[in-house]
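# Architecture and fold: a report
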Amino acid sequence: MACFNNIIRYIVPELPQEQKEALAYASKVPMQYTNVLLRNWRPWKKLGVSESRLLMATISICTWTIRSRSEPINSTSRPTNHRGAHDAKSQFTRPAAQGAATVGRLDMLNTSFQAGELEVRRQLARTLGPGGFDPAGDILALTINRWPHGYAYTYDTLSDPSFAPEQRPHVIGRRAFGRIAIANADSGAAAYTNEAIDQAERAVHDCLFSNGYV
Ligand SMILES: Cc1cc2nc3c(=O)[nH]c(=O)nc-3n(C[C@H](O)[C@H](O)[C@H](O)COP(=O)(O)OP(=O)(O)OC[C@H]3O[C@@H](n4cnc5c(N)ncnc54)[C@H](O)[C@@H]3O)c2cc1C
């Protein structure tokens, strides 16, 4: 099984209760990428600002970072792209960050793209307005991409209990069950592709060992 780990308990209801609870512990973290193509970056230059961190009011749990992309732009008159990326759980101050991912996802799904775009325009106007920025004329394009189920959950050192290594939910959750082995980046509790590859390899070994092929 290499799908999101927290749906496995619905597909394999015969799993032991402890394992089902472990698989239910975490859910994918919602993500949003925002790209804004600006006519030029004169207001940034005028204000002496290269990066700003803004609160998404419509998705109130999110912090949005605008960053001038790194290729050298010699003229302040050239169009430039500004990109904001956030994971929607990180701004929660709730007792358990894994619950925050779920609340963040609901918030995201309850926010229309239109409302998100409006908020981006407002924020840029508030930040860059004093530098002469006019959202009506200076925004050439705006995209918002959202992944309600984005990154695999990684433990939060402040809000997750300190589990013994073998008691960590993702370790209990990935135990082989009969002829079923469990992969996905979720089973490594780390978000990137290298983890998915490592867990796939581990799951193949689990399958071979638990069925006596090795
Ligand atoms: C927006 C975004 C940007 C990212 N950027 C990077 C990056 O720059 N670098 C990086 O290393 N990682 C990045 N990642 C993370 C990377 O995408 C994941 O680590 C990787 O895709 C996890 O692979 P996986 O095989 O565990 O799961 P997935 O790639 O999610 O694959 C799971 C598969 O299971 C399938 N599936 C689900 N349910 C069922 C079912 N019932 N039956 C059959 N099939 C099913 C799905 O369709 C899917 O194809 C990014 C992720 C997101 C969301």
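Structure first, text after, so check above.
Please read all numbers here as calculations on a predicted model, not as lab measurements.

## A word on the site of the ligand
Within the structure, the ligand sits among 15 residues, and Asn 184, Ala 185, Ala 191, Tyr 192 and Thr 193 are positioned closest to it. At 2.6 Å from an oxygen atom of the ligand is found a main-chain nitrogen or oxygen belonging to Ala 185. The contact in question runs from an oxygen atom of the ligand to an N or O atom on the backbone of Thr 193, over 3.0 Å. Considered on its own, the ligand offers 990 Å² of accessible surface; in the complex 48% of this is hidden by protein. Those elements that provide at least two residues to the shell around the ligand are strand E1 (29-38), strand E5 (139-151) and helix H8 (193-210). No other element matches the three residues that E5 contributes to the shell around the ligand. For the shell around the ligand, the per-class residue count stands at 12 nonpolar, three polar and no charged.

## Some thoughts on the side chain of Asp 160
Among the secondary structure elements, Asp 160 is positioned in the loop between E5 and helix H7 (169-173). No salt bridge is formed by the buried Asp 160, whose closest oppositely charged neighbour, Arg 168, lies at an N-O distance of 7.1 Å. At 2.4 Å, the side chain of Asp 160 forms a polar contact with the side chain of Tyr 25. A distance of 2.6 Å separates the side chain of Asp 160 from the side chain of Tyr 153, its partner in a polar contact.

## Some words on the pattern of salt bridges
As a working rule, side chains carrying opposite charge can pair if their charged atoms are close by. Under the definition given, this model contains five salt bridges. The shortest N-O distance in the salt bridge between Asp 186 and Lys 28 comes to 2.9 Å. Remark: Lys 28 occurs in the loop between helix H2 (17-24) and E1 and Asp 186 occurs in the loop between H7 and H8; sequence separation between them is 158 residues. Of the two residues, Asp 186 and Lys 28, neither departs from the other in class, the shared state being buried. Linking Asp 206 and Arg 202 is a salt bridge whose minimum nitrogen-to-oxygen distance equals 2.7 Å.

## With respect to the packing of aromatic side chains
Following the criterion strictly, the structure yields five aromatic pairs and no others. An angle of 70 degrees between the planes, with centres 5.4 Å apart, marks the rings of Tyr 151 and Tyr 192 as edge-to-face. With Tyr 151 in strand E5 and Tyr 192 in the loop between H7 and H8, this pair connects stretches of sequence that are 41 residues apart. Its relative accessible area of 51% is what places Tyr 192 among the exposed residues. Feature note: the residues Tyr 25, Tyr 153, Tyr 155 and Phe 163 constitute an aromatic cluster, connected by ring pairs. The side chain of Arg 146 reaches across the aromatic face of Phe 113, ending 4.1 Å from its centre.

## Topic: the nonpolar core
Judged by nonpolar contacts, Val 36, Leu 38, Trp 44, Val 120, Leu 124, Leu 128, Phe 133, Ile 139, Leu 142 and Ile 144 together constitute the single largest core of 10 residues. Sorting the residues of this core by element identifies E1, helix H5 (113-128) and E5 as the ones contributing at least two each. Judged by nonpolar contacts, the second largest core, of six residues, contains Tyr 25, Ala 101, Tyr 153 and Tyr 155.

Thresholds applied
As a convention, each chain's residues are numbered from 1 in the sequence order in which they are written. Given that this is a predicted model, residues contribute local features only at a pLDDT of at least 70 and side-chain atom pairs are listed and counted only at 80 or more, while totals for whole chains, interfaces and linings are drawn from all residues. Water and hydrogen atoms play no part in the side-chain values, which are based on all heavy atoms of the structure. When at least one non-hydrogen atom of a residue lies within 4 Å of a molecule or strand, that residue is treated as near it. As used in this structure description, the phrase polar contact means that two N or O atoms lie within 3.5 Å; if the pair is within protein, one of them must be able to donate a hydrogen and the other to accept it, and residues adjacent in sequence are counted only when both atoms belong to side chains. Only the protein chains shown count as cover for residues, and the accessible areas themselves come from Shrake-Rupley with a 1.4 Å probe. Helix and strand definitions follow DSSP, with helices as H or I runs of at least four residues and strands as E runs of at least two, each counted in order from the N terminus. Polar here means any residue other than Ala, Val, Leu, Ile, Met, Phe, Trp, Tyr, Cys and Pro, which are nonpolar, and Asp, Glu, Lys and Arg, which are charged; Gly is therefore polar. Only protein chains enter the accessibility calculation, which uses a 1.4 Å probe; a residue is then buried when its area is under 20% of its type maximum, exposed when over 50%, and partly exposed in between. His is not counted, nor are the chain ends; Lys and Arg add positive charge and Asp and Glu add negative charge. Any Lys or Arg side-chain nitrogen found within 4 Å of a carboxyl oxygen on Asp or Glu counts as a salt bridge. We call Phe, Tyr and Trp rings a pair once their centres come within 6.5 Å, taking the six-membered ring for Trp, and we label the pair stacked below 30 degrees between planes, edge-to-face above 60, and tilted otherwise. By definition, being over a ring means that NZ of Lys or CZ of Arg is both within 6 Å of the ring centre and within 35 degrees of the ring normal. In this description, a nonpolar core means a group of buried Ala, Val, Leu, Ile, Met, Phe, Trp, Tyr and Cys residues linked to one another through side-chain atoms lying within 4.5 Å.

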